[in-house]
Every structure is written in structure tokens, then in C-alpha cells.
Amino acid sequence: MTESTQHEATRRNSLLEAAHEEMVKFERKENEFRRKDRQERAAELHLPLDAIKVH
């Protein structure tokens, strides 16, 4: 493997890792948003959210 090809592979891997980390952060924020949204809607409708199993 030439030095240039190895450098490109290393750069590509670091970009993939950064993209993966950003996706994980986004998914966590999205899940938290959905959880809060469910709670708010349940409160508005006076639903016992704890008694309902949410996946």
C-alpha cells in the first residue's frame, strides 16, 4: 500500500467515524424529543402514560 493510499484510507476512516458519532448524537436527540413529545401529548389528553407501554 502506498503512503498516499494509506493516508486516504486513514482520512476516510476518520471521516466515517465522525459521521457515525454525529448520527449517534442525532438519534439520541431525536429519541429524547419523541419521548418529551409523547409525555406532553399524554398530559394534554390526560392519559396515564406510565400505564401505557411505549416502545
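Structure: above.
Residues numbered from 1 in each chain as written. Predicted model: local features only at pLDDT ≥ 70, side-chain atom pairs only at ≥ 80, totals over all residues. Heavy atoms only, no water.

Participant: Help me out: how do you make sense of the overall build of the protein in this one?
Facilitator: Within the protein one finds one helix and zero strands. For the protein, the accessible surface area stands at approximately 5,500 Å², while carbon and sulfur atoms represent 54% of it. (Helix = DSSP H or I, 4+ residues; strand = E, 2+ residues; numbered from the N terminus. Areas by Shrake-Rupley, 256 points an atom, 1.4 Å probe, with all protein chains shown as cover.)

Participant: Quick question: what am I supposed to make of helix α1 (residues 3–45) here?
Facilitator: The end-to-end C-alpha separation of α1 is 63 Å, in line with the 63 Å expected for 43 residues at 1.5 Å each. Where α1 terminates, the next one or two residues include H46, which has phi positive at roughly 60°. (Expected span 1.5 Å × (residues − 1).)

Participant: Quick question: what am I supposed to make of the pattern of salt bridges here?
Facilitator: Note on pairing: side chains with opposite charge can pair once their charged atoms come close. Considering all chains together, one arrives at four salt bridges under this definition. The closest approach of N and O atoms between E32 and R35, which form a salt bridge, is 2.5 Å. Note that E32 and R35 are positioned in helix α1 at a spacing of three residues, about one turn of the helix. Overall, E32 belongs to the partly exposed group, its relative accessible area being 32%. By relative accessible area, which is 33% here, R35 ends up partly exposed. (Salt bridge = Lys/Arg side-chain N within 4 Å of Asp/Glu carboxyl O. Buried < 20%, exposed > 50% of the residue type's maximum accessible area, 1.4 Å probe, protein only.)

This is a description of form; function is not addressed.
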